[in-house]
Amino acid sequence: MLNREQIVSQLNNARFSVMVVEQTQSTNSDLKALALSGAPEGTTLIAERQTGGRGRRGRTFCSPQGGLYLSTLLRPTAPIHPGLVTCLAAVAAARAIESLCDLWVEIKWVNDLYLNDRKVAGILAEGVLDPGGALTAVVLGIGINLTGTLPEELATIATTLEPEGVALSREDLAAAFLNEWERVQTAPVEEGMSEYRKRSLIIEREVTVVQGNDTYPATAIGITPEGHLRVRTADGERELSSGEVSVRL
Ligand code: BTN
């Protein structure tokens, strides 16, 4: 079982209030409910495993025992786009992994972390609206594959840290992520975004853009300060605030 004390003792400040559970459907869903009942900024929930882990675009996130499934709550004081939260969290997660091993982690717009061309982690930032429809919180969730066998359908596109030769403690990784998340949040946004661009797996590459029912080829050419993706298509340049790209690896 995850050792909560080992996580808390490594945190650089007391801003995070950490809870650990053995099993839940989705730490993001739990934290959304807690947000609506008044939980403060920094409330953090980590699960040993999830039975209904959620990813972007309504997908499931396979969450067996052995991975790190963590959600933390933000109470933004100024308007913030969940997309930007996703980008900055991806930078924090990449730094956290690298602080514990000798690997270079790349980011595929907008929310996927890649190691050697395979997805090793995903991020899901979700806004929470109060009954009046105003944004009252953002739940930031991250799932990192550390060990274990992935389902067959994921075997060619995803990986865990283990086959990359790395055995990390989930406690060390959770604490490193929260410390890096704190660091990235307190630095100028442009600093985090500039690192996001450096880590991008897709810039200057041919991609397939998927937006709703629309799919088209493009070249990824940049990431804006808001975390939007700029692409060049046969018809000119476009800026994407949502959607997804796939890249031939
Ligand atoms: C994705 O790959 O599209 C995002 C995956 C995000 C998974 C994490 S695991 C912790 C938190 N709880 C969830 O249900 N999802 C996020």
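Residues numbered from 1 in each chain as written. Predicted model: local features only at pLDDT ≥ 70, side-chain atom pairs only at ≥ 80, totals over all residues. Heavy atoms only, no water.

A. The arrangement of the overall build of the chain in detail. In terms of helices and strands, the chain carries five helices and 12 strands. Its C-alpha atoms give the chain a radius of gyration of 17 Å, near enough to 18 Å, the size a compact globule of 249 residues would have. By its C-alpha atoms, the chain is 55 × 45 × 30 Å across when sized along the principal axes. Going through the 249 residues of the chain one by one, you find that 51% of them count as buried. For the chain, the exposed surface amounts to about 11,400 Å²; the carbon and sulfur share of it is 49%. (Helix = DSSP H or I, 4+ residues; strand = E, 2+ residues; numbered from the N terminus. Rg over C-alpha atoms; globule rule 2.2 N^0.38 Å. Buried < 20%, exposed > 50% of the residue type's maximum accessible area, 1.4 Å probe, protein only. Areas by Shrake-Rupley, 256 points an atom, 1.4 Å probe, with all protein chains shown as cover.)

B. Focus on the site of the ligand. Inspection of the region around the ligand gives 20 residues, with Ser26, Gln50, Arg54, Arg56 and Lys119 positioned closest. The contact in question runs from a nitrogen atom of the ligand to an N or O atom on the backbone of Asn28, over 3.4 Å. Asn111 places a side-chain nitrogen or oxygen 3.2 Å from an oxygen atom of the ligand. Contact with the protein chains covers 98% of the free accessible surface of the ligand, which is 410 Å². Spatially, the ligand is embedded in the largest pocket. Every element with two or more residues in the shell around the ligand is listed here: α2 (27-36), β3 (68-74), β6 (118-129) and β7 (135-144). When residues in the shell around the ligand are grouped by element, the largest group, four residues, is from β6. (Near = heavy atom within 4 Å. Polar contact = N/O pair within 3.5 Å; in protein donor to acceptor, adjacent residues only side chain to side chain. 1 Å grid on protein atoms, 1.4 Å probe; cavity = no way out; pocket = protein on both sides within 12 Å on 5 of 7 lines; lining within 4 Å. Sits in = over half its atoms within 2 Å of the grid points.)

C. Quick look at helix α5 (residues 189-198). Among the residues of α5, Gly192, Met193, Glu195 and Tyr196 are the ones counted as buried. Looking down the long axis of α5, one finds its buried residues gathered within 160° of arc, a one-sided arrangement. (Arc of directions from axis to C-beta.)

D. Region of the structure containing empty space enclosed by the protein. On inspection of all chains with the given rule, the structure shows one cavity of 30 Å³ or more. Each pocket or cavity is described by its volume, and for the largest cavity that value is around 30 Å³. Forming the boundary of the largest cavity are Pro64, Gly66, Gly67, Tyr69, Ile144, Asn145, Leu146, Thr147 and Leu150. Taken together, the residues of the lining of the largest cavity sort by class into five nonpolar, four polar and no charged. (Points joined across faces, edges and corners; volume = space filled by probe spheres on them. Nonpolar A, V, L, I, M, F, W, Y, C, P; charged D, E, K, R; others polar.)

E. Representation of the layout of surface pockets in the model. Volume-wise, the largest pocket comes out at about 730 Å³. For the largest pocket, the lining is made up of 36 residues, of which Arg59, Thr60, Phe61, Asp112 and Lys119 are closest to its centre. Among the elements of the structure, α2, β3, β5 (112-115), β6, β7 and β12 (244-247) are those that each provide at least two residues to the lining of the largest pocket. Tallied by class, the residues present in the lining of the largest pocket amount to 15 nonpolar, 14 polar and seven charged.

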